[in-house]
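Per-entry structural report
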Amino acid sequence: PLRRLLLASAIVFFQGDPSEAFSTQSATLSRLISPALPISKNFRSFSSTRSSESSECSSPDNQTSALKKELLTNIKNLRSLQERDGDFSIDFGVKGGELDKKSRAPQKVDFYSISDDVGNAADEVMGVASQLAECNPTNEPTIYFGDKTNGGNSPLDGTWRLLFTTAADATFSKSSKRGAATAKNVVDASKGRITNVIDFATLEDGTEPLLKQLNVVIGAKSAGKSRVELQFKYAKAVLTKFFFWKRQWSVYIPVPAPFITRSIVFFSRILKFGRQGEVKVPPKAYFDVLYLDEDLRIHKTGEDNLFVQASPAWEEAQPFLS
């Protein structure tokens, strides 16, 4: 379990070239798994689901209100179909279907691998998310982000709970070995810090899982009006057993600093001088905010994974957040 935990937290996982492991470290941790999950082939990308109609909102307030209701209806339909047709069985790492074998980046789930009905329902969710992105009421989502004085006024500040995602490493189900879980994103805009929190559900026999909670702490900063760049700090795992004793304790797993990462890449280049193959430069982790209001946040990561998140205060969404 500890090995899987380390892998899930994306702490250095060397297989071959160490620079490649570091180059995918940030991608593995950024959101804030049984048989390998099929890589999405038929699933349409978020950009391709944009409405063919007008790209502007004729009546933003009324249109966004209707679209938000439609979004929740589509998510409800998707979940019902998953209950009927089956769900993903994703576990940690490459073998579990969480990570891509070559890049170690989080895989994008293929809803069509469950059934055509589930795939079409997921496309409908993404289609409404795309329309909402055209009606974003927040011109500058990153305003006040990182501002120690006014950070509390940032529209990103607060807790956001997951409604829908295409990212395999943020997809949980009771049919997998790691079990069902709920995910949330806690943003402290004043400190420029984001914490991804995963709470694992109690097992079917009523006992607590070995891994009760996983927290990934991330430093964040504004990189434009809609982009937030991420720098991973450490992961905290809350465990319910210490060997054979039932005792809750925590393990802190540090993420190597950027200096160490750059140093490894530099020396890897020296070692590879004159050889075939290119040493990859560690990519920057980030997400772009596509839609943001007091209830709903939609963003896309650098790996092209879509996240739809709701504020716990959004009354209409509360049945979907348990």
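Heads up: the structure comes first, above all this text.
The structure reproduced in this document is the subject of the present report. Note that this is a predicted model, so its numbers are computed, not measured. Each chain has its residues counted from 1, following the order in which its sequence is written. In view of the model being predicted, local features appear only for residues whose pLDDT reaches at least 70, and side-chain atom pairs are presented and counted only at 80 or more, with totals across whole chains, interfaces and linings using the full set of residues. Remark: hydrogens and water are excluded; side-chain values derive from all non-hydrogen atoms of the structure.

1. Looking at the overall build of the protein
Inclusion rule: Helix and strand assignments follow DSSP, with helices taken as H or I runs no shorter than four residues and strands as E runs no shorter than two, numbered in order from the N terminus. The rule is simple: take the accessible area with a 1.4 Å probe, protein chains only, and divide by the maximum for that residue type; under 20% is buried, over 50% is exposed, in between is partly exposed.
Looking only at helices and strands, the protein features six helices and nine strands. The buried share of the protein, taken over its 322 residues, is 49%.

2. Side note on the side chain of Arg161
Condition: Lys and Arg are tallied as positive, Asp and Glu as negative. Neither His nor the chain termini are counted. Any carboxyl oxygen of Asp or Glu within 4 Å of a side-chain nitrogen of Lys or Arg constitutes a salt bridge here.
Checked against the element boundaries, Arg161 lands in strand β1 (residues 158–165). There is no salt bridge for the buried Arg161, and the closest opposite charge comes from Asp199, which lies 5.2 Å off by N-O distance.

3. Here we look at a nonpolar patch on the surface
Rule in force here: Only residues whose relative accessible area exceeds 30% and that take part in no salt bridge are eligible for patches, with like-charged residues grouped when within 9 Å of each other and nonpolar side chains (Val, Leu, Ile, Met, Phe, Trp, Tyr) grouped when within 5 Å. In short, Shrake-Rupley with a 1.4 Å probe defines the accessible areas, and a residue's cover is counted only from the protein chains shown.
The grouping of Phe242, Phe243, Phe244 and Trp245 at the surface amounts to a nonpolar patch, some 600 Å² of accessible area in total. Relative to the helices and strands, Phe244 is located in the loop between β5 (227–242) and β6 (245–254).

4. Considering the nonpolar core
For clarity, the threshold we go by: Throughout, nonpolar core names a set of buried Ala, Val, Leu, Ile, Met, Phe, Trp, Tyr and Cys residues whose side chains join them through atoms within 4.5 Å. Any two residues whose heavy atoms approach within 4.5 Å at even a single point are treated as in contact.
Counting 33 residues, the largest nonpolar core has Leu163, Phe164, Leu296 and Ile298 as the members making the most contacts within it. Ranked by residue count, the leading element in this core is helix α5 (residues 116–134), at nine residues. Dropping the residues within four chain positions of it, Ile298 is found in contact with Ala129, Leu132, Asp288, Val289, Leu290, Tyr291, Leu306, Phe307 and Val308. Ala181, Ala235, Val255 and Leu292 belong to the second largest nonpolar core, which has 31 residues in total.

5. Describing the pattern of salt bridges
Pairing between side chains becomes possible if they bear opposite charge and their charged atoms approach one another. What the rule picks out here adds up to eight salt bridges. Residue Lys212 is joined to Glu208 by a salt bridge in which the shortest nitrogen-to-oxygen separation is 3.2 Å. For Arg227, the salt bridge identified is with Asp288, shortest N-O distance 2.7 Å. Here Arg227 is found in strand β5, whereas its partner Asp288 is found in strand β7 (residues 285–292), with 61 residues between them in sequence. Looking at Arg227, the relative accessible area reads 29%, which means it is partly exposed. Beyond isolated ion pairs, a larger network of salt bridges with shared partners links Lys68, Asp293 and Asp295.

6. Details of the packing of aromatic side chains
This is how it is decided: Between rings of Phe, Tyr and Trp, where Trp is taken as its six-membered ring, a pair exists when centres lie within 6.5 Å; planes separated by under 30 degrees are stacked, by over 60 edge-to-face, and by other angles tilted.
Summed over all chains, the structure comprises three aromatic pairs. Seen in terms of ring centroids, Phe111 and Phe164 are 5.6 Å apart; in terms of plane orientation they differ by 15 degrees. Their pairing is stacked. Pair noted here: Phe111 is in the loop between α4 (60–85) and α5 and Phe164 is in strand β1, with a separation of 53 residues, a long-range link. Side by side, Phe111 and Phe164 carry an identical accessibility label, which is buried. Relative to Tyr252, the ring of Tyr234 has its centre 5.9 Å away and its plane inclined at 50 degrees; by these criteria the two rings are tilted.

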